[in-house]
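# Coordinate analysis (summary)
Next come the chains, spelled out residue by residue.
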Amino acid sequence: MDNRVNIAVVIGVIFVLAFAVTLTQSDKQVESQLIEDEIPEELIYEWLKKYDPSEQIISVSGSAMASSNPDTLIIVLGVESEAKTANESLSQNSNSLNSVISSLKNSGISEDDIQTSNFSIYPLYDSIKDSNGNWQQILNGYRVSNILSIQTERIDSAGDIIDAAVSSGANRVDDVSFQLSDDKLQKISDDLIADAINDATQKAEKALVPLKQKIVGVKSIVIHDNVVPYYDGPMRASFDGFAESSMNSSPIMSGDEEITTNVSVVFYISQK
């Protein structure tokens, strides 16, 4: 009886061990198959070719600059009115502004070149003491401000435009600036790309001389599109209550503007 039991136990252990070995081999095959399915060999090859840590490269930045005369004049001016009631203040402001716009058109400014830049209306208060000595806010009237932005190619007519506006009712001149139009700025920037790349190439070549290396190819070029011209102190003028005699066509001159284009280049290099 005992011998039969012992034989049965031995046979059971053998079956368990055989099943475990088979299961382990099957798991390894499944795991290997999953790895092969997840990352194809072609993809691994392409990745290694692209991100080869042994490749030799140099990264440099290049820039190019040019100066150009501005071709756009921008003047921000308008009318500010005060009256006891909102309607009265609005009416006065509207009449004065219409006169300003009419005068600008007569001076050669197109209606398409005139836009409303800002409009506001707000109450005016006086602070007084009551019989108990407490301060109170008393409504005293309304102030209306209507500001125009004039954009024109007549850059030599800044003084004449301001004179025409002020003489017809404008009592605010907030800004006078000379800028480059978007089209001109883009053209100059595009023309500077080749110069910026040449600048990057020269920098790389100079850096490689002591290393006894040379440029053998280009890996990437990035052109930075956020090109902004440098404006050397735009003119600003603020006026409150003009005297007509103070505006005698004073000359307002524009200066050259500087435009810069930047690139980033990565070169392949090797021993000479």
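Residues numbered from 1 in each chain as written. Predicted model: local features only at pLDDT ≥ 70, side-chain atom pairs only at ≥ 80, totals over all residues. Heavy atoms only, no water.

Glancing now at the pairing of strand β4 (residues 135-152). Sheet topology note: the strand β2 (residues 72-83)/β4 ladder contains eleven bridges and is antiparallel. Its bridge partner lying in β4, A83 is registered against Y142. The pairing of strand β3 (residues 114-129) with β4 spans 15 bridges and is antiparallel. Residue pairing for β4: D126 is matched across the bridge by I138. Between β3 and the antiparallel strand that follows it, β4, lie five residues; G133 among them carries a positive phi value of about 85°. (Pairing = 2+ DSSP bridges. Helix = DSSP H or I, 4+ residues; strand = E, 2+ residues; numbered from the N terminus.)

As a further point, take the pattern of salt bridges. In this structure the tally under the stated criterion is six salt bridges. One salt-bridge network, in which partners are shared between bridges, spans E80, R172 and D174. (Salt bridge = Lys/Arg side-chain N within 4 Å of Asp/Glu carboxyl O.)

Across the sheet, which stays open at both edges, the four strands sit in the order β3-β4-β2-β5 with antiparallel pairing between neighbours. For this open sheet the edge positions go to β3 and β5 (172-179), each flanked by a neighbour on one side alone. Averaged over all neighbouring strand pairs, the angle between strand axes comes to 15°, with direction disregarded. For β2 and β5, the ladder comprises seven bridges, and the chain directions are antiparallel. Across the sheet, residue L77 finds its bridge partner in β5, namely V173. Against the sheet, helix α3 (residues 86-106) contacts β2, β3 and β4, and its axis sits at roughly 150° relative to β2. (Axes fitted to C-alpha atoms, helices over the stretch in contact; angles between N-to-C directions. Contact = heavy atoms within 4.5 Å.)

In this section: the packing of helix α5 (residues 182-191) against helix α6 (residues 193-208). Working note: a packed helix pair is described by the angle between its axes plus the distance between those axes. Remark: α5 packs on α6, axes separated minimally by 4 Å, with the N-to-C direction vectors making an angle of 35°. Along the contact surface, α5 presents S189, D190 and D191, while α6 presents I193, A194 and D195. The residue makeup of the contact of α5 with α6, split by class, is two nonpolar, one polar and three charged. (Nonpolar A, V, L, I, M, F, W, Y, C, P; charged D, E, K, R; others polar.)

The subject of this paragraph is the nonpolar core. Core analysis: the biggest nonpolar cluster contains 22 residues, and L73, I75, L77 and L104 have the highest contact counts within it. Breaking this core down by element, the ones donating at least two residues are β2, α3, β4, α4 (158-167) and β5. Looking at this core element by element, the count peaks at five residues for α4. The next biggest cluster of nonpolar side chains, apart from the first, holds 16 residues, and it includes V60, L185, I259 and I269. (Core = buried A, V, L, I, M, F, W, Y, C linked by side-chain atoms within 4.5 Å. Buried < 20%, exposed > 50% of the residue type's maximum accessible area, 1.4 Å probe, protein only.)

Moving on: the sheet that holds strand β1 (residues 57-68). Taken together, the three strands give an open sheet; going across it, the order is β1-β7-β6, and neighbouring strands pair in antiparallel fashion. Looking at the sheet topology across the chains shown, the edges are occupied by β1 and β6 (213-224). Adjacent strand axes in the sheet meet at a mean angle of 30°, parallel and antiparallel pairs treated alike. The sheet contact formed by β1 and strand β7 (residues 257-271) spans twelve bridges and is antiparallel. Directly across from S68, in β7, lies its bridge partner E257. On the sheet, α6 packs against β1, β6 and β7 and is oriented at approximately 140° with respect to β1.

Let's shift gears to a nonpolar patch on the surface. A cluster of nonpolar residues, L90, F119 and I121, forms a patch on the protein surface that exposes about 240 Å² of accessible area. Relative to the assigned elements, L90 resides in helix α3. Owing to a relative accessible area of 33%, L90 belongs among the partly exposed residues under this scheme. (Patch = residues over 30% accessible without salt bridge, like charges linked within 9 Å, V, L, I, M, F, W, Y side chains within 5 Å. Areas by Shrake-Rupley, 256 points an atom, 1.4 Å probe, with all protein chains shown as cover.)

Moving on: the confidence of the model for the chain. Here the chain averages 79 in pLDDT, and 69% of its residues register 70 or above. Counting contacts from residues 5-36, a segment whose pLDDT is below 50, to residues more than four positions away or on other chains yields zero contacts. (pLDDT = per-residue confidence, 0-100.)

This part covers α6. Along an α-helix, a turn takes 3.6 residues, which lines up residues three or four apart on a common side. Between its first and last C-alpha atoms α6 spans 23 Å; for 16 residues at 1.5 Å apiece the expected length is 22 Å, and the two agree. Among the residues of α6, I193, A196, A200, A204 and L208 are the ones counted as buried. Taken around the axis of α6, the buried residues stretch over an arc of 110°, which confines them to a single face. Tucked inside the fold, the buried residues of α6 contact β1, α5, β6 and β7. (Expected span 1.5 Å × (residues − 1). Arc of directions from axis to C-beta.)

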